[in-house]
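Residue-level listing of the chains:
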Amino acid sequence: MYPFTAAFGQALTQSHTMVSRVDAHYAGAVTMTDLPIADGSVIVDRGSKARRTLSLTVADPSLLPWDAADPLAVYGQQLVVSRGIRFTSGAVEMIPLGTFRINEPSGDTLYGPVTISGQSMECAVIDDVFDVPTSTKGVGTCVAAIEWLIHQTLPGAVVVNLTAGARNPACAVVAWDAGANRWDAVVQVATAMQAEVYVDALGRFVITDMPNVLSSAAVWDIAEGEGGTLMASARTMSRTAVYNSVVASGENTSGNTPPVSAFARDTNPISPTRWGGPFGKVTKHISSGLWTTTAACQAAANAALFDAVAPNIQTSIDAAPNPALEGGDVIRVAHAGRKELFLVQSLTIPLTADGDFSISLRGGKEDLT
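## Topic: the overall build of the protein chain
Assigned secondary structure in the protein chain consists of 5 helices and 21 strands. For the protein chain, whose C-alpha radius of gyration is 22 Å, the value lies close to the compact-globule estimate of 21 Å for 369 residues. Counting only C-alpha atoms, the protein chain reaches 65 × 55 × 35 Å along its principal axes. Burial status across the protein chain gives 45% buried among its 369 residues. Summarising the internal contacts of the protein chain: among those between residues at least 6 apart in sequence, 68% fall at separations of at least 24. Summing over all exposed atoms, the protein chain offers an accessible surface of approximately 17,200 Å²; the carbon and sulfur share of this is 53%. For the protein chain, the separation between the mean place of its 23 positive charges and that of its 34 negative charges on side chains is 11 Å.

What follows is the structure, encoded as structure tokens:
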């Protein structure tokens, strides 16, 4: 979660005046400030390669781009988006929502409106496929490999390692063919160190631990009733994407190492997903050329099992908007007489006061504290 003041947090639970701002940038310079927003939203989604996407509508048809250097054209132009609160004193506190490369502006040339779509800057790395066969030989550590892969596309990108203890294991040698997706390679290296990587609201490439609903502290409370921010909730339980065994295998021809593998199973006798119990035997297979030892495969299998046995309980809620939330945050939801901890899987943050704010949650765990 992006940090905010106590006054901001208090205002979120009460009636308040929201403000949003969108500025256009091109080639490192601000080309237009405070675009007139008619409608729009930012979607944050852990399941998407580009974690943040922007949908924006401006009423003025004169902003429809005609030339390559126009503020809303598609030749590297970016939009910097934020949402905040104007206090009764007149002071404003803003929360960044991301920097977005403009992908597609369109609209009626005479009457408007102009609609614009954009994505956070993973999209630039996704577009930059490998021109030639590429390997991590000589790179060193996993973080160094991630930085190297990203900086080949975006030399000035900020890469931040926020894993526990700034964890940074050695990176095995692995190769990718010409035409392979560069961002997939970045994710592969991050996964090998039991981490995830994404672009955050500040435009940084962040390497962080896989979120854990059991060990991570809840950063926000959503409750029903007086003083709460919950307006509606819906719940679905499914066995889809729930496993009780994970087999991790590694085969690395680039490093000339023999194939290795390991497995992890849910053997907890009181677990509803225990291996061989009423749930059955459901195995997930994962592989990476970066796992070159049995120990590396075992670590990967253990880490994947924790997520694999997590209940696929999908809860969607409508609540008072909190623009500071990030995908993977743990929040506490009090509803239907229960308190549960969830991971934020995705959320939609409106840029107008009448827009809908919704959150998709997963991995529900009852909070007994």
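Structure's up, so let's keep going.
## Brief notes about the layout of surface pockets
The volume enclosed by the largest pocket comes to roughly 920 Å³. R46, T191, A195, E196 and M210 are the residues nearest the centre of the largest pocket, which is lined by 31 residues in total. Every element with two or more residues in the lining of the largest pocket is listed here: α4 (182–192), β11 (195–199), β17 (283–287) and α5 (294–308). Here the element with the most residues in the lining of the largest pocket is α5; it accounts for 6 residues. Partitioned by chemical class, the residues of the lining of the largest pocket number 16 nonpolar, 5 polar and 10 charged.

## A few points about the packing of aromatic side chains
All told, the structure shown has 4 aromatic pairs when counted by the stated rule. Measuring from ring centre to ring centre gives 6.1 Å for F4 and W220, while their planes differ by 85 degrees; the resulting arrangement is edge-to-face. Taken together, the residues F4 in the segment before α1 (6–12) and W220 in strand β13 (residues 220–223) connect sequence positions 216 residues apart. Assessed through its relative accessible area of 12%, W220 is described here as buried. Seen in terms of ring centroids, F130 and W176 are 5.7 Å apart; in terms of plane orientation they differ by 15 degrees. Their pairing is stacked. With F130 in the loop between α2 (122–127) and β8 (134–135) and W176 in strand β10 (residues 175–176), the pair connects residues that are 46 residues apart, well separated along the chain. Residue W176 is classed as buried on the basis of its relative accessible area of 8%. Within the aromatic cluster, the residues linked to one another by ring pairs are F4, F8 and W220. Against the face of F263 rests R265, its NZ or CZ located 4.7 Å from the ring centre.

## Here we look at the packing of helix α3 (residues 142–151) against α4
Two packed helices can be described by the angle between their axes and the distance between those axes. Where α3 meets α4, the axes come as close as 9 Å, and the angle between the chain directions of the two elements is 170 degrees. Put simply, α3 runs roughly antiparallel to α4. Residues C142, A145, I146, L149 and I150 of α3 form the contact with α4, whose participating residues are R182, W183, A185, V186, V189 and A190. Taken together, the residues of the contact of α3 with α4 break down into 10 nonpolar, no polar and 1 charged.

## A short note on unusual backbone geometry
Cis rather than trans, the peptide bond between G112 and P113 has omega equal to -5 degrees. The residue P113 is located in the loop between β6 (92–107) and β7 (114–119) in this model. The phi dihedral of D34 is positive, around 50 degrees, even though this residue is not glycine. Position of D34 among the secondary structure elements: in the loop between β2 (29–32) and β3 (39–45). With phi around 65 degrees, A241 is a residue other than glycine that occupies positive phi space. Positionally, A241 belongs in the loop between β14 (230–238) and β15 (245–252).

## With respect to the environment of S271
Looking at the element boundaries, S271 is found in the loop between β16 (257–265) and β17. For S271, a relative accessible area of 12% gives the class buried. Considering only alpha carbons, one finds S271 and V309, 38 residues apart in sequence, at a separation of 9.3 Å. Here the side chain of S271 touches T273 through a polar contact of 3.1 Å, side chain to side chain.

## Re the nonpolar core
Ranked by internal contacts, the top residues of the largest apolar core, which has 43 residues, are I146, I150, V186, V189, F205 and I207. Put simply, the parts of the chain that give this core at least two residues each are α2, α3, α4, β11, β12 (205–209), β15, β16 and α5. Setting aside residues no more than four positions away along its own chain, I146 makes contact with V159, V186, V189, A190, M193 and I207. Formed by 40 residues, the second largest nonpolar core is a distinct cluster that contains L63, V81, F100 and I331.

## Re the sheet that holds β17
Taken in spatial order, the 3 strands of this open sheet run β16-β15-β17, and their pairing is mixed. Two strands bound the open sheet, and with one partner strand each, they are β16 and β17. Neighbouring strand axes in the sheet, compared pairwise and without regard to direction, differ in orientation by 15 degrees on average. The strands touched by α5 within the sheet are β15, β16 and β17, with β16 carrying the most contacts at an inclination of about 35 degrees.

The rules behind these values
Residues numbered from 1 in each chain as written. Predicted model: local features only at pLDDT ≥ 70, side-chain atom pairs only at ≥ 80, totals over all residues. Heavy atoms only, no water. Helix = DSSP H or I, 4+ residues; strand = E, 2+ residues; numbered from the N terminus. Rg over C-alpha atoms; globule rule 2.2 N^0.38 Å. Buried < 20%, exposed > 50% of the residue type's maximum accessible area, 1.4 Å probe, protein only. Contact = heavy atoms within 4.5 Å. Areas by Shrake-Rupley, 256 points an atom, 1.4 Å probe, with all protein chains shown as cover. Lys, Arg positive; Asp, Glu negative; His and termini not counted. Charge placed at Lys NZ, Arg CZ, Asp CG, Glu CD. 1 Å grid on protein atoms, 1.4 Å probe; cavity = no way out; pocket = protein on both sides within 12 Å on 5 of 7 lines; lining within 4 Å. Points joined across faces, edges and corners; volume = space filled by probe spheres on them. Nonpolar A, V, L, I, M, F, W, Y, C, P; charged D, E, K, R; others polar. Phe/Tyr/Trp six-rings, centres within 6.5 Å; stacked < 30°, edge-to-face > 60°. Lys NZ or Arg CZ within 6 Å of the ring centre and 35° of its normal. Axes fitted to C-alpha atoms, helices over the stretch in contact; angles between N-to-C directions. Parallel < 35°, antiparallel > 145°, perpendicular 65-115°, else oblique. Polar contact = N/O pair within 3.5 Å; in protein donor to acceptor, adjacent residues only side chain to side chain. Core = buried A, V, L, I, M, F, W, Y, C linked by side-chain atoms within 4.5 Å. Pairing = 2+ DSSP bridges.

These values are about where atoms sit, not about what they do.
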